Structure formats: C-alpha cells, structure tokens
Amino acid sequence: MLLINCPYCGVRPELEFAYGGEAHLTRPSPAESLTDEQWADFQYGRTNTRGLHAERWRHARGCGQFFNAVRDTTTDQFLCTYKTGEPRPNLPSAGGGTPR
Amino acid sequence: MRRFSGLSLLLGGLSGQRRWAEQWRSPEPKRGYDAIIVGGGGHGLATAYYLAREHGMRDIAVLEKGWIGGGNTGRNTTVIRSNYLFSESSALYDHAVKLWETLSQELNYNVMFSQRGVLMLAHTVHDEQVAKRHIHANFANGVDNEWLSAAEAKAFCPPLNIGTELRYPVTGGALQRRGGTARHDAVAWGYARAANALGVDIIENCEVTGMRRDASGAIAAVETSRGLISSRRVAVSAAGHSSVVMGMAGVRLPIESFPLQALVSEPIKPIFPCVAMSNTIHAYISQSDKGELVIGASTDAYTSYTQRGALHVSMHTLEAVCELFPIFRRLRMLRNWGGIVDVTPDRSPIIAKTPVPGLYVNCGWGTGGFKATPGAGHLLAYTIAHDEPHPINAPFTLERFAAGLLIDEAAAAAVSH
C-alpha cells in the first residue's frame, strides 16, 4: 500500500485517498467553439505517462481536499505532493523514471 | 513443422522427452518486412498467424521486447466468455469464442480450451435485473446465457455458499455454458509455432524505441533495440504500453494503464467445476488444470506500469472468495502478481486504422483481453490486409470517442470486466 503525503494532513495510507487522474487538464473555453475532436481529446485523451506523472488525489477519508502529486509510474514512488492551483514542480526525472 | 499426433507424443515419451525440436526459429531481424506486428503476446502472434494463413502474406515480423507470452498473455486469469450486453460487443467476443472452439485442431496444439461454463452471480434485485437484461440481449444476438436460481447455481457449482447468513446472499446467477478457460501459455506458444511454420519471423528481446514516418506522414519504419526495420504496415498490439508505443508515432490514445492483480493458491485436487464471478462483491475464481485456484482481483486505483499492486486490493477479493466459498478459507496463496491493462473510457477495445497511414492499432482491451485473443488477431489481420476494418470490428474505432458512438460496456456492467 502506498503512503501518501497529504499537503494538509501529512503522511497517510493509500486507503484514505481517492485517485483523481491526470492533473493540470484545463477545461477549454469557449466550449461552443471547439471541434468534436478537441472536445473528445479534453474528455478522453490522456498522456498516460510512463515515468513522472502529475496527478490529482483527494484525501477522501480524511480532510476531503483535492491536491496534486508527482509520482513515478515505473516505480510508484511519490516525488512530491502540492496544493491544487500551484504549478507542477520542475523535477529531474530521477530513478527508473525516464519517460519513454 | 513436425505435426503433433498421438504417435509423436508416444515416441517423445519413449525417448525421455529429450528429442523435441525448437518450436519456432529465433531469426535475426531483416532490414524490412511487408508487415510488422509490435507485441508478441497472444493478440500479436494471432494477428501474424491469420495474416499469413488467411491473407497470403508471408513477409511478417512479430517484435517482442521480452519473451513470447511474458506480458499479459502469461498474467491473466484465462477466462473466456462472450455474454456482453451490446450487439457490437457480443458479436466481437462471440467471434472469438467460435474460433476458440476449433483452435486446438487448427493450430495442431492443445490450448486446453475447456467450456466449463462461466457463472456470474447476482446478490441483489439490481444484480438480477442487470443479469436478466444481459440474458435477453444475448438471446437476441444468438449468444447463450441462462438464468439459474440460487439452488440451481449451487447444483452447478457445489462449493458455492448460498446461505442467507451472508452479507450479500446469492440470489441466482447467469450462466454461459460455452464460456470457460484455456491454457494461456499454450495459446501464445501454439500461435507462435503455427505462425513460424508459415514463415513469420518471431523476434524476441527486440524493443521498439521509435517510429519513423515519411514525408506524406505514412509509417515507414520502426526503430528497435536491434536496429532499424522498415515496413509500410505496422500494427501495434502492445496492451498496457499502447500509449507509449503509439506516442512514438504521434498518436494520442484515450487510454489509461492500470495494474490488474491476480493470484493463485497452492494446487489441490479438482474441486471447482466452472468459472464463478461476482461483480457486486468482486470475487473471481476458477481452477487450473494444475489444480491451483486462479483468482482475479481488481485494478489498483492509480495508473502505473509497475506490474504489481497493493495487497489490500488482493485482500478485498480474497475476503469475497472466502465468503462465497468458505471451503477455501484454509487454503494458502502461492503467488500474486500484476499485469498492466489498457483501459478505455467505455471499456471496449479499439481495433482500427489510425490517423497515420499504414499504422494500425489493437488496444484498449482493459481487464478482459485474453478471451478475445483469436478474434482480435483475426480481425486485426483483416484490417491490415484490406486497409479497412472487418464488419465486426468496424464499430471499434478510435474516432468513436469524438463521434459520441461509445460502446459503453463500462456502464452496462458497472464494473471493470
């Protein structure tokens, strides 16, 4: 089980959290001027990164807050967590996490 | 290829099983091929086999980064069924079941396909309604599926506990008698052997690291760990790594990759006659011919490429298994592992052409790709040979997500499947 560092509560077991998918996806606007392809890409397209992945988590069975994390999807190691709205930290791709 | 027969097996036994020839060559990759299949799992090998067998192509390479069948083909729980809700899905999966029924004879290799029946349990009124809706839809599509009462389910699967003391008592189940299991390794080996006999080059330890397109944008070559290999037709059948490989050609997929866990018990004598599964409390169990109970857990919550998951996910399934089959409570588990599954938003696969001319993709099978192995290979081969999809896989395009034509088995089953 993963240990996840909630930016509000500290380190807690994975069971307290809900996964929220890829982070920093911005809803495009104005929506009415998008093509179907652009809309589908926002809705369904994902980078599905092998390597360092910025993603949303929610401390669902704790404080209830959403936050973001950078995790290496080749090792499941968390490199950092940060609050929603903050930019993604610029991290070197360490460990086995070379994106390819 | 020397054909297997009763006599050849007998002679093999008399010589101490030491005189068997290699079942497929290990060739050096050539500089180019008419077609390249990326991914040497069951799907990729089947694609190469049907391309050679049904479409007359001979100059084909299957590129596998590890060894044959070492990915999800060797990691799944080997369940085969076709009782899906939507017409498009049941046509697709039943196409595969029909191929499974004659596969051992066709390949001259025993894939141990066993139509022992797949029993999907119901625990609530809602479960029953969903199951019966599936049964009626399957009936309309010519796919067998029948309703069993709790007592009938118990008669069909004696270890099942139908007592009312359960938190979620069994109220009945849907049984597809044509469903069952097959031996996953034999499927990969059988297709590899048969494709090899038709001239297909199976190249193991050959990882694709890049894709090259020509000035018109069409696919021209693949870069690999064993050098550049040119081809005007490249088909990607890379399961959990589909996003990574297709990304090399600049194609973005509506896919996320998750670890899916499975585990097996210590081997015991034959006790479990069918496949039983419960979506509601997530139990999923059958018995292999070696005697191990084969148990499928669910996906982990987060995307990952690690081929392992958290123990609490396996525990959740074991608790449900022990509740439904209390006879297994004292069994010890031998191994658990994960495979990386490529999950689409509607939980239906993509077998299609792509925006890149000459590049084809077979992906998005999520948690249920093994059952479709012959069908997926057969249809992808057709799509490559004709540069057009077969009518059965025509709905399973990449464009359906923009067109809104989802085949929403995710909503139909309300679980991963």
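Predicted model, so just to flag it, every value in this text is computed and none were measured.

Engineer: Summarise the sheet that holds strand β9 (residues 208-213) of chain B; cite the residues concerned and give the values.
Structural biologist: Residues and elements named next belong to chain B. Ordered in space as β9-β10-β11, the 3 strands form an open sheet in which the pairing is antiparallel. With partners counted over all chains shown, the strands left at the sheet margins are β9 and β11 (227-230), one partner each. Pairs of neighbouring strands in the sheet enclose a mean axial angle of 25°, with direction left out of account. Relative to strand β10 (residues 219-224), β9 runs antiparallel, the two being bridged by 5 bridges. Within β10, the residue paired with M211 across the bridge is V222.

Engineer: Residue-level account of helix α10 (residues 373-386) of chain B, with values.
Structural biologist: All names here are of chain B. Its 14 residues give α10 an end-to-end C-alpha distance of 20 Å, which sits within 8% of 20 Å, the value for a rise of 1.5 Å per residue. A large share of α10 lies buried, amounting to 11 of its 14 residues. Among the residues of α10, those classed as buried are T373, P374, G375, A376, G377, H378, L379, L380, A381, T383 and I384. Looking one or two places after α10, you find D387, whose phi comes out positive at around 55°.

Engineer: Give a description of the packing of aromatic side chains that names residues and reports values.
Structural biologist: One pair of aromatic rings is described through two measures. These are the centre distance and the angle between the planes. Applying the stated criterion across every chain, the model contains 18 aromatic pairs over all chains. In this structure an aromatic cluster arises from ring pairing among Y19(A), W57(A), F78(A) and Y302(B). Lying over the aromatic face of Y168(B), R167(B) brings its terminal NZ or CZ to 4.4 Å of the ring centre.

Engineer: Describe the environment of S286(B), with residues and values.
Structural biologist: Residue and element names in this part refer to chain B. Here S286 is to be found in strand β15 (residues 283-287). On a C-alpha basis, the gap between S286 and V264 in space is 9.7 Å, while along the polypeptide they are 22 residues apart. For S286, the contacting residues outside a window of four places in its chain are T77, T181, F272, C274, V275, E292, L293 and V294.

Engineer: Hey, could you go over the interface of chain B and chain A for me, with residue numbers and the actual values?
Structural biologist: Chain B puts 24 residues into the contact, and the matching count from chain A is 27 residues. Carbon and sulfur atoms supply 51% of the area buried between chain B and chain A, which totals about 2100 Å² over both sides. Counting the contacts that link chain B with chain A gives 1 salt bridge. For the salt bridge of D41(A) with R252(B), the shortest nitrogen-to-oxygen distance reads 2.8 Å. Within the side of chain B that touches chain A, the residues separate by chemical class into 12 nonpolar, 7 polar and 5 charged.

Engineer: Explain the confidence of the model for chain A residue by residue, including any values.
Structural biologist: As a general rule, the predicted coordinates of low-pLDDT regions are not to be interpreted in detail. For chain A, the average pLDDT comes to 91, and 92% of its residues sit at 70 or higher. Low pLDDT, under 50, characterises residues 95-100 of chain A; the predicted model gives this stretch 13 contacts beyond four residues in sequence or across chains.

Engineer: Could you give an account of the pairing of strand β14 (residues 275-278) of chain B, naming the residues involved and the relevant values?
Structural biologist: Residues and elements named next belong to chain B. Residues V275 and M277 of β14 are buried on one face, and the alternating residues A276 and S278, pointing to the opposite face, are buried as well. Bridge count for strand β4 (residues 118-122) against β14 is 4 bridges, and the pairing is parallel. Following the sheet pairing, V118 is matched in β14 by V275. One ladder, built from 3 bridges, connects β14 with β15; its direction is antiparallel.

Engineer: Quick rundown of the packing of helix α3 (residues 87-101) of chain B against α10(B)? Include the residues and the values.
Structural biologist: Helices that pack against each other are described as a pair by the angle of their axes relative to one another and the distance between those axes. Residues and elements named next belong to chain B. Where α3 contacts α10, the two axes come as close as 7 Å, and the packing angle between them is 105°. Taken together, the axis directions place α3 and α10 in an arrangement best described as roughly perpendicular. Contacts from L92, H95, A96, L99 and W100 of α3 reach α10 at T373, P374, G375, H378 and L379.

Engineer: Give a detailed account of the nonpolar core, specifying residues and quantitative values.
Structural biologist: Residue and element names in this part refer to chain B. Among the nonpolar cores identified, the biggest contains 51 residues, and W100 and Y191 are the most heavily contacted of them. Those elements that place two or more of their residues in this core are β1 (35-38), α2 (42-55), β2 (60-63), α3, α4 (103-107), α7 (184-197) and α10. Once residues lying within four places of it in the same chain are set aside, the contact partners of W100 are I80, V111, F113, A182, V187, F370, K371, T373 and P374. I36, A238, A352 and L359 belong to the second-largest nonpolar core, a separate cluster that totals 31 residues.

Engineer: Run through the confidence of the model for chain B, naming residues and quoting values.
Structural biologist: Mean pLDDT over chain B works out to 96, with 99% of the residues at or above the 70 mark. Reported confidences for the modelled complex are a pTM of 0.95 and an ipTM of 0.92.

Engineer: I'd like to hear about the sheet that holds strand β19 (residues 359-363) of chain B, residue by residue, with values.
Structural biologist: Hydrogen bonds between backbone groups are what pair the strands of a sheet, and the pairing can be parallel or antiparallel. Residue and element names in this part refer to chain B. Strand order in the open sheet made by the 6 strands is β8-β2-β1-β12-β19-β18, with mixed pairing throughout. Of all strands in the sheet, those bounded by a partner on one side alone are β8 (201-203) and β18 (350-353). When the angles between neighbouring strand axes are averaged without regard to direction, this sheet yields 15°. On top of the sheet, α10 reaches β1, β12 (234-236), β18 and β19; it is set at about 165° to β19, its chief contact.

Engineer: Summarise the environment of A96(B); cite the residues concerned and give the values.
Structural biologist: Residues and elements named next belong to chain B. Residue placement: A96 occurs in helix α3. Residue classification places A96 among the buried residues on the basis of a relative accessible area of 0%. Residues A96 and G296, 200 residues apart in the sequence, show an inter-C-alpha distance of 21 Å. Not counting residues within four places of it along the chain, the set of residues in contact with A96 comprises K371, A372, P374 and G375.

Engineer: Describe in detail a nonpolar patch on the surface, supporting the description with residues and values.
Structural biologist: Residue and element names in this part refer to chain B. Among the surface-exposed residues, L7, L10, L11 and L14 lie close enough to one another that they form a single nonpolar patch of about 460 Å² accessible area. Mapped onto the secondary structure, L7 falls in helix α1 (residues 6-14). Residue L7 is classed as exposed on the basis of its relative accessible area, which comes to 58%.

Engineer: Give me the lowdown on the packing of α2(B) against α7(B), citing residues and values where you can.
Structural biologist: Residue and element names in this part refer to chain B. In the contact formed by α2 and α7, the axes pass within 9 Å of each other and the chain directions differ by 30°. Taken together, the axes of α2 and α7 are roughly parallel relative to one another. Like other packed secondary-structure pairs, α2 and α7 cross with a definite hand, here left-handed. Only A188, Y191, A192, A194 and A195 of α7 make contact with α2, whose side of the interface consists of G42, L45, A46, Y49 and Y50. Of the residues in the contact of α2 with α7, the class split is 9 nonpolar, 1 polar and no charged.

Parameters and conventions
Residues numbered from 1 in each chain as written. Chains lettered and ligands numbered in written order. Predicted model: local features only at pLDDT ≥ 70, side-chain atom pairs only at ≥ 80, totals over all residues. Heavy atoms only, no water. Pairing = 2+ DSSP bridges. Helix = DSSP H or I, 4+ residues; strand = E, 2+ residues; numbered from the N terminus. Axes fitted to C-alpha atoms, helices over the stretch in contact; angles between N-to-C directions. Expected span 1.5 Å × (residues − 1). Buried < 20%, exposed > 50% of the residue type's maximum accessible area, 1.4 Å probe, protein only. Phe/Tyr/Trp six-rings, centres within 6.5 Å; stacked < 30°, edge-to-face > 60°. Lys NZ or Arg CZ within 6 Å of the ring centre and 35° of its normal. Contact = heavy atoms within 4.5 Å. Buried area = accessible area lost by both parts, 1.4 Å probe. Salt bridge = Lys/Arg side-chain N within 4 Å of Asp/Glu carboxyl O. Nonpolar A, V, L, I, M, F, W, Y, C, P; charged D, E, K, R; others polar. pLDDT = per-residue confidence, 0-100. Parallel < 35°, antiparallel > 145°, perpendicular 65-115°, else oblique. Core = buried A, V, L, I, M, F, W, Y, C linked by side-chain atoms within 4.5 Å. Patch = residues over 30% accessible without salt bridge, like charges linked within 9 Å, V, L, I, M, F, W, Y side chains within 5 Å. Areas by Shrake-Rupley, 256 points an atom, 1.4 Å probe, with all protein chains shown as cover. Left-handed = near helix turned anticlockwise from the far one by under 90°.

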